[in-house]
Amino acid sequence: MKVITVFGTRPEAIKMCPLVIKLRENENIQCVVCLTGQHKEMLYQVMEAFGVKEDYNLDIMKDRQTLTTITTSILERIEPVLKAEKPDVVLVHGDTTTSYAAALAAFYQQIPVGHVEAGLRTGDIYSPFPEEMNRLLTDRISTYYYAPTKLNQKNLAKEGIIDNVYVTGNTVIDAFQYTVKDGYSFSNQILKNVDFLSKRVITVTAHRRENLGHPLRNICNAIKRLAEEKHDTLFIYPVHLNPAVRDTVFDVLDDVDNVLLIDPVDVLDMHNLLARSYMIMTDSGGLQEEAPHFGKPVLVLRTETERPEAVEAGTVRVVGVEEESIYKEAMTLLEDCEKYDEMAKAVNPYGDGHASEQIVQALLDIER
Ligand code: UD1
Ligand code: UDP
């Protein structure tokens with residue numbers, strides 16, 4: 001069986017590399033890796049961390065790229081790859097524009113698509129934007145579905161998608177076996193110098209398109225207030241390379257002493273940073289799955305989430321994008337030990353770390 005995996009952004013790579021490793025270990029499968037290159041540096045950091053080599057790189061990234069150029073560049077550049085390779089299945093991941101465009105390109109060649117991390121939904125096509133529509137359309141196109149949880153399977157069933165749905169867990173849990181190590185030493189020099197014992201560290205990330213502009217400014221203003229009032233707390237913010245993110249973040253937070261604005265760190269440093277943090281403030285999807293695994297409370301800087309599992313378990317709270325609500329919720333966790341302890345519990349609704357093996361097996365079962 002020949003499988004092409006197509007991915008192009010940091011989070012897709014973090015969740016697809018463990019699967020690629022398992023696919024390449026299997027002698028009955030030929031696994032071709034095609035990067036769209038929707039991201040560059042942030043993608044290559046991940047490929048290097050996992051030691052995965054690509055067969056193709058469509059190299060589409062442009063500075064301040066638009067959704068239209070991402071989609072059209074992928075459609076144009078992937079067609080010859082699909083025509084040359086003639087795979088049995090194209091595997092895509094999640095909800096990026098890479099996922100949707102690659103699925104559409106495969107459909108145009110009448111090649112079946114397998115969707116890894118299928119079935120996540122908020123129910124609002126504009127939030128997250130454009131991810132909710134990307135995953136709806138990708139699921140519409142797909143033939144095979146690898147749903148992380150039973151809830152994701154139910155979401156698919158509500159849309160009439162019943163056949164070929166496998167509940168596998170999330171491959172992000174598989175990734176920890178490659179990234180989390182006892183006695184880990186950071187490769188980022190700034191992280192290496194942080195004294196995690198004498199300071200409480202809050203890790204922050206924010207990058208979502210719907211948060212660009214006013215909501216991101218609110219988030220940064222809340223962090224500035226928190227940092228100025230809580231000198232014993234260090235905020236570590238690896239800032240996404242999107243210039244639209246960096247302009248706002250550096251404008252508000254550059255001069256605040258106990259806020260460290262650093263470049264994106266590799267996934268080994270990131271997972272080990274999560275393990276040493278007091279809590280996480282983020283609009284990221286992946287971090288909502290990762291941080292609960294380490295027993296770290298997560299404040300979600302969004303108005304909704306497609307990952308309600310850890311919210312129900314009590315370690316993730318959606319706090320919106322208003323300065324006051326973000327400030328208050330974070331302050332509560334910094335000052336109220338009981339409230340902190342209620343949230344700081346290890347929760348993992350996302351499987352046993354063997355999602356990749358289950359996906360490989362499901363692929364092999366197609367042949368029978
Ligand atoms: C994309 C995904 C989003 C995912 C996020 C993960 C879409 C529409 N969005 O959003 O779902 O959560 O990735 O981070 O698919 N840039 C660089 N170097 C890099 C990466 C980005 O310079 O390695 C800059 C470029 O100027 C680029 C901009 O960031 O144009 C935005 O990148 P883009 O992929 O369009 O959007 P993200 O916000 O990263
Ligand atoms: N991450 C990383 N380095 C960083 C910031 C995040 O490796 O500097 C990892 C993080 O641990 C998670 C993933 O990137 O696995 C999340 O990616 P992102 O927030 O860009 O996208 P999302 O998950 O929101 O789609």
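Up top is the structure.
Conventions used here
- Residues numbered from 1 in each chain as written.
- Chains lettered and ligands numbered in written order.
- Predicted model: local features only at pLDDT ≥ 70, side-chain atom pairs only at ≥ 80, totals over all residues.
- Heavy atoms only, no water.
- Near = heavy atom within 4 Å.
- Polar contact = N/O pair within 3.5 Å; in protein donor to acceptor, adjacent residues only side chain to side chain.
- Areas by Shrake-Rupley, 256 points an atom, 1.4 Å probe, with all protein chains shown as cover.
- Helix = DSSP H or I, 4+ residues; strand = E, 2+ residues; numbered from the N terminus.
- Nonpolar A, V, L, I, M, F, W, Y, C, P; charged D, E, K, R; others polar.
- Core = buried A, V, L, I, M, F, W, Y, C linked by side-chain atoms within 4.5 Å.
- Buried < 20%, exposed > 50% of the residue type's maximum accessible area, 1.4 Å probe, protein only.
- Arc of directions from axis to C-beta.
- Contact = heavy atoms within 4.5 Å.
- Phe/Tyr/Trp six-rings, centres within 6.5 Å; stacked < 30°, edge-to-face > 60°.
- Lys NZ or Arg CZ within 6 Å of the ring centre and 35° of its normal.
- Axes fitted to C-alpha atoms, helices over the stretch in contact; angles between N-to-C directions.
- Parallel < 35°, antiparallel > 145°, perpendicular 65-115°, else oblique.
- Left-handed = near helix turned anticlockwise from the far one by under 90°.
- Pairing = 2+ DSSP bridges.

Draft legend 1. Spatial organisation of the site of ligand 2. Residues in contact with ligand 2 amount to 17 residues; listed here are only the nearest, Arg10, Val265, Gly285, Gly286 and Glu290. Taking histidine 207, its side chain carries an N or O atom lying 3.1 Å from an oxygen atom of ligand 2. Relative to its unbound accessible area of 540 Å², ligand 2 is 95% covered by the protein chains. When residues of the shell around ligand 2 are traced back to their parent elements, those giving at least two are helix H1 (10–25), helix H11 (267–276) and helix H12 (286–293). Counted by class, the shell around ligand 2 contains eight nonpolar, five polar and four charged residues.

Draft legend 2. Spatial organisation of the nonpolar core. Counting 35 residues, the largest nonpolar core has Phe235, Tyr237, Val249, Leu253 and Met281 as its most contacted members. When residues of this core are traced back to their parent elements, those giving at least two are strand S8 (200–205), helix H9 (214–229), strand S9 (233–238), helix H10 (243–253), strand S10 (259–262), strand S11 (279–282), helix H14 (323–335) and helix H15 (337–343). Judged by nonpolar contacts, the second largest core, of 32 residues, contains Ala13, Val52, Ala175 and Ala362.

Draft legend 3. Representation of helix H6 (residues 150–158) in the model. Of all the positions in H6, only Asn152, Asn155 and Leu156 are classed as buried. Projected down its long axis, H6 carries its buried residues within an arc of 100°, all on one side. Seen from the buried face of H6, the exposed residues on the opposite side, beyond 90 degrees, are Lys150, Lys154 and Lys158. Those residues of H6 hidden inside the fold are in contact with helix H5 (131–141), strand S6 (144–147), strand S7 (165–167) and helix H13 (309–313). Among the residues trailing H6, glycine 160 stands out with phi positive, at a value near 85°.

Draft legend 4. Spatial organisation of the site of ligand 1. With respect to spatial proximity, 25 residues lie near ligand 1, and among them His39, Glu41, Lys62, Thr97 and Glu131 are the closest. Between an oxygen atom of ligand 1 and a main-chain N or O atom of arginine 64, the distance comes to 3.0 Å. The separation between an oxygen atom of ligand 1 and a polar main-chain atom of threonine 97 is 2.8 Å. Taking 750 Å² as the accessible area of ligand 1 by itself, protein coverage stands at 95%. When residues of the shell around ligand 1 are traced back to their parent elements, those giving at least two are helix H2 (41–50) and helix H3 (67–85). Of the residues assigned to the shell around ligand 1, the class counts are eight nonpolar, nine polar and eight charged.

Draft legend 5. Highlighting the packing of aromatic side chains. What the rule picks out here adds up to eight aromatic pairs. Ring centres of tyrosine 126 and phenylalanine 129 lie 6.1 Å apart, and the angle between their planes is 25°; on these two criteria the pair is classed as stacked. With a relative accessible area of 33%, phenylalanine 129 lands in the partly exposed category. Counting every residue linked through ring pairs, the aromatic cluster contains Tyr184, Phe186 and Phe196. Seen from the ring of tyrosine 278, arginine 200 lies directly overhead, with NZ or CZ sitting 4.8 Å from the centre. Directly above the aromatic system of tyrosine 327 lies the positively charged group of arginine 225, at a separation of 3.9 Å from the ring centroid.

Draft legend 6. Expanded view of the packing of H9 against H10. Put simply, H9 and H10 touch, their axes get as near as 9 Å, and they point 30° apart. Relative to H10, the element H9 lies roughly parallel. Between H9 and H10 the crossing geometry is right-handed. In this structure, H9 contributes Leu216, Arg217, Cys220, Asn221, Ile223 and Lys224 to the contact, and H10 contributes Ala244, Val245, Thr248, Val249, Asp251, Val252 and Leu253. Here the contact of H9 with H10 is built from residues that sort into eight nonpolar, two polar and three charged.

Draft legend 7. Fine view of helix H7 (residues 171–179). Buried residues dominate H7, accounting for seven of its nine residues. The set of residues buried in H7 consists of Thr171, Val172, Ile173, Asp174, Ala175, Phe176 and Thr179. The backbone nitrogen of valine 172 lies 2.9 Å from a side-chain oxygen of the residue at the head of H7, namely asparagine 170.

Draft legend 8. Just the sheet that holds S6, in detail. Taken in spatial order, the seven strands line up as S3-S2-S1-S4-S5-S6-S7 in an open sheet, and their pairing is parallel. For this open sheet the edge positions go to strand S3 (56–57) and S7, each flanked by a neighbour on one side alone. By the bridge criterion, six bridges tie strand S1 (residues 2–7) to strand S2 (residues 30–35) in an arrangement that is parallel. Following the sheet pairing, phenylalanine 7 is matched in S2 by leucine 35. Contacting S1, S2, S3 and strand S4 (89–93), H3 runs over the sheet at an angle of about 165° to S1. Here H5 sits on the sheet and contacts S4, strand S5 (113–116) and S6; the angle it forms with S5, its principal contact strand, is near 140°.

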